[in-house]
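Structural overview
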Amino acid sequence: AARRGDRIIPAPVSPPSSSPRSAAGMLCVVAGLLLAVAAGGRGSVAAGGDQESPPGSRFVCTSLPLDAAGAGCPLPPVPVHGLPPEEELKATVLQLRETVLQQKETIGNQREAIRELTGKLSSCESADGKSSGGSWKKELGKGKDTMGDLPRDPAQVIDQLSRTMQTLKDRLESLEHQLRANVSYAALPNDLREMLQRRLGDLERQLLSKVAELEDEKSLLHNETSAHRQKTESALNALLERVSELEKGNSAFKSPDEFKVSLPLRTNYLYGKIKKTLPELYAFTVCLWLRSSASPGIGTPFSYAVPGQANEIVLIEWGNNPIELLINDKVAQLPLFISDGKWHHICITWTTRDGMWEAFQDGEKLGTGENLAPWHPIKPGGVLILGQEQDTVGGRFDATQAFVGEMSQFNIWDRVLKAEDITNIANCSTNMPGNIIPWVDNNVDVFGGATKWPVETCEERLLDL
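Definitions and cut-offs
- Residues numbered from 1 in each chain as written.
- Predicted model: local features only at pLDDT ≥ 70, side-chain atom pairs only at ≥ 80, totals over all residues.
- Heavy atoms only, no water.
- Phe/Tyr/Trp six-rings, centres within 6.5 Å; stacked < 30°, edge-to-face > 60°.
- Lys NZ or Arg CZ within 6 Å of the ring centre and 35° of its normal.
- Pairing = 2+ DSSP bridges.
- Helix = DSSP H or I, 4+ residues; strand = E, 2+ residues; numbered from the N terminus.
- Axes fitted to C-alpha atoms, helices over the stretch in contact; angles between N-to-C directions.
- Contact = heavy atoms within 4.5 Å.
- Disulfide = S-S within 2.5 Å.
- Buried < 20%, exposed > 50% of the residue type's maximum accessible area, 1.4 Å probe, protein only.
- Salt bridge = Lys/Arg side-chain N within 4 Å of Asp/Glu carboxyl O.
- pLDDT = per-residue confidence, 0-100.
- Core = buried A, V, L, I, M, F, W, Y, C linked by side-chain atoms within 4.5 Å.
- Patch = residues over 30% accessible without salt bridge, like charges linked within 9 Å, V, L, I, M, F, W, Y side chains within 5 Å.
- Areas by Shrake-Rupley, 256 points an atom, 1.4 Å probe, with all protein chains shown as cover.
- Lys, Arg positive; Asp, Glu negative; His and termini not counted.
- Charge placed at Lys NZ, Arg CZ, Asp CG, Glu CD.

**Some remarks on the packing of aromatic side chains**
Tallying each qualifying case throughout the model produces five aromatic pairs. One aromatic cluster in this structure is built from Tyr271, Phe397 and Phe447. Lys452 extends its terminal NZ or CZ atom over the ring of Phe259, reaching a point 5.4 Å from the ring centre. When the ring centre of Trp289 is taken as reference, the NZ or CZ atom of Arg461 above it lies at 4.7 Å.

Here it is as structure tokens:
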């Protein structure tokens, strides 16, 4: 090796050859490098002897040419030529095996020297690192070909410090995750344990606060649920009461429709009132049972008045006039005869198309006509009165037009019933409540002395014909 200042510069080593001499030369160079490094622990090594290494000396390792190592590294003898090729190859193999064994022994010896030198090098690094800031140690740790002979770039130092801080942060987060998984952390340092305890305390306070909020929400929800439950129970109780009333018919009658309204006097204050009103109608059928012997005329069995038209629908027999049907104050005379004091079933149908009408008595069609308020729809939202003719909506009755007698089974449909349906209703073979106005007890109120009584059965009314 050539001496260059205080540095040991090993000669460059040529690429390995496949010959035994080249392999032996390479091993010899490696041994020389190891001896040079061993001598570096005590001082610089020159080609011919030892001397002390000045303070702060640095080392650079380079390769030596193969020819420069001939004096210090004896090579194995070249095999003698002239032998047969097989014998020459055997001799070469034996020499190579012997060389390999020798180099293995040499490598074993050098390993011991390397361990010793490593210990001494560590001691040197510790001693020198205190004075020089350990810069060459850092460079050696990075695996460069210098030993701290050049200062590092400040930008690289800052970058390295940033990476180090990020690494420490990641390790701290990892420790926190481990602590969450493992409750036992008594072996940790006191400062870290206190920090984690503070962190756990903060988390516990946050958890307690959240639990308190949830408890408040639960209490509020419970109160709202209780109020909603009370409202629901109240509504259910009201529905149950209503159902009970409907089941009982809210009357003393066997069935809600088995009653009649009695209007025994011709006054302007006895009447019945239907609670429901009519929708807009383009056709209708009105059927009822009635019995009257009043004269002159039976009066007004029913009337329907709307704002602006008191005579929207009226059935009336007044004085010595025949019974009449009024729609929108237009009049059609009906061929009905019902003032004999017997029960009679009457039905009247009407449609706005051409104002067609039909009149039935006791299931038989007695008359028909047209042009009765044609194309006029029945107005909705009016008042339906039994036994009186209205001059205003719901009032101003005239005693001379009042109905005298009894009536029952007053039903209204929003269509024209077939003739066979009307016949079946009249002969008691079918029961068809009106889909607009059905005859039920709780849908009829009586005023002024008018009364409700149990009605004769349908068969008894037929016998009265």
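**Digging into the sheet that holds strand β12 (residues 364-369)**
Taken in spatial order, the seven strands line up as β12-β11-β10-β5-β16-β3-β18 in an open sheet, and their pairing is antiparallel. Only two strands of the sheet have a single neighbouring strand rather than two, namely β12 and β18 (451-454). Neighbour-to-neighbour, the strand axes of this sheet turn through a mean angle of 25°, independent of strand direction. Inspection of the sheet shows strand β3 (residues 259-263) paired to strand β16 (residues 405-413) by three bridges, in the antiparallel sense. The residue of β16 that forms the bridge with Val261 is Met407. Contacts from helix α6 (residues 419-426) reach β5 (283-291), β10 (344-351), β11 (356-361) and β16 within the one sheet, and its direction differs from that of β10 by about 160°.

**Side note on the state of the cysteines**
Taken as a whole and judged by the stated rule, the model has two disulfides. Covalently, Cys287 is tied to Cys347 through a disulfide, its sulfur atoms 1.9 Å apart. Judged by the sign of its S-S torsion, about 115°, the bond between Cys287 and Cys347 is right-handed. Taken together, the residues span a long stretch of sequence, with Cys287 in strand β5 and Cys347 in strand β10 at a distance of 60 residues. The pair formed by Cys287 and Cys347 is uniform in burial state, with each residue classed as buried. Cys428 shares a disulfide with Cys458; S-S distance 1.5 Å.

**Considering the pattern of salt bridges**
The tally for this structure, following the rule as stated, stands at eight salt bridges. A salt bridge links Arg291 to Glu456; the nearest nitrogen and oxygen atoms lie 3.6 Å apart. Separated by 165 residues along the polypeptide, Arg291 in strand β5 and Glu456 in the loop between β18 and α7 (458-463) bring together distant segments of the chain. A relative accessible area of 23% means that Arg291 is categorised as partly exposed. You can call Glu456 partly exposed: its relative accessible area is 24%. A salt bridge links Asp441 to Lys452, with the nearest nitrogen and oxygen atoms 2.6 Å apart. Residue Asp441 is located in the loop between α6 and β17 (444-447), and its partner Lys452 is located in strand β18; the two are separated by 11 residues in the primary sequence. For Asp441, a relative accessible area of 6% translates into the label buried. Members of the salt-bridge network, linked through shared partners, are Lys260, Arg291, Glu406 and Glu456.

**A short note on the confidence of the model for the protein chain**
Close inspection of predicted coordinates is inappropriate in any region flagged by low pLDDT. For the protein chain, per-residue confidence averages 75 on the pLDDT scale, and 67% of positions sit at 70 or higher. This stretch, residues 33-57, has a pLDDT under 50; its non-local contacts, to residues over four places away or in other chains, come to 35 contacts. Here residues 130-151 is modelled with pLDDT under 50, and outside its nearest four sequence neighbours on either side it reaches 23 contacts, counting other chains as well.

**Here we look at the nonpolar core**
Of all hydrophobic cores here, the largest spans 43 residues; its most connected members are Leu334 and Phe410. Examining the composition of this core, we find that four residues originate from one element, β5, more than from any other. Ignoring anything within four residues of it in the chain, the contact list for Phe410 reads Ile274, Val286, Cys287, Leu288, Phe302, Leu384, Leu386, Ile437, Pro438 and Trp439. Grouped together as the second largest cluster of nonpolar side chains are seven residues, Cys287, Cys347, Leu417 and Ile425 included.

**A word on a negative patch on the surface**
Together, Glu213, Glu215, Asp216 and Glu217 make up a region of like negative charge exposed at the surface. Considering the arrangement of structural elements, one finds Asp216 in helix α5 (residues 190-248).

**Some words on the side chain of Ser262**
With respect to the helices and strands, Ser262 occurs in strand β3. Looking at Ser262, the relative accessible area reads 11%, which means it is buried. Other than its neighbours up to four places away in sequence, Ser262 contacts Gly405, Glu406, Ala450, Thr451 and Trp453.

**Looking at the sheet that holds strand β13 (residues 383-386)**
Reading across from one edge, β9-β8-β7-β6-β13-β4-β17 is the order of the seven strands in this open sheet, with antiparallel pairing throughout. The sheet terminates laterally at β9 (330-333) and β17, the two strands that pair on one side only. Strand-to-strand twist in this sheet, taken as the mean axis angle between neighbours without regard to direction, amounts to 20°. Relative to strand β8 (residues 324-327), strand β7 (residues 309-317) runs antiparallel, the two sharing four bridges. Its bridge partner being in β8, Ile313 is matched across the sheet by Ile327.

**Examining the environment of Ile274**
Tracing the backbone shows Ile274 in strand β4 (residues 271-274). Measuring from C-alpha to C-alpha, the distance between Ile274 and Ile385 comes to 6.3 Å, with 111 residues separating the pair along the chain. In this structure, Ile274 is in contact with Leu384, Leu386, Phe410, Ile437, Asn443 and Val444, ignoring residues within four places of it in sequence.

**Let's talk about unusual backbone geometry**
The omega torsion of the bond from Ser295 to Pro296 falls at 0°, within 30 degrees of zero and hence cis. With respect to the helices, strands and loops of the structure, Pro296 is situated in the loop between β5 and β6 (299-306). Positioned with a positive phi, Asp362 is a non-glycine residue whose angle comes to about 55°. You can see Asp362 is positioned in the loop between β11 and β12. The class for Asp362 is partly exposed, based on a relative accessible area of 30%. In this model, Cys428 sits at a positive phi of 70°, which is unusual for a non-glycine residue.

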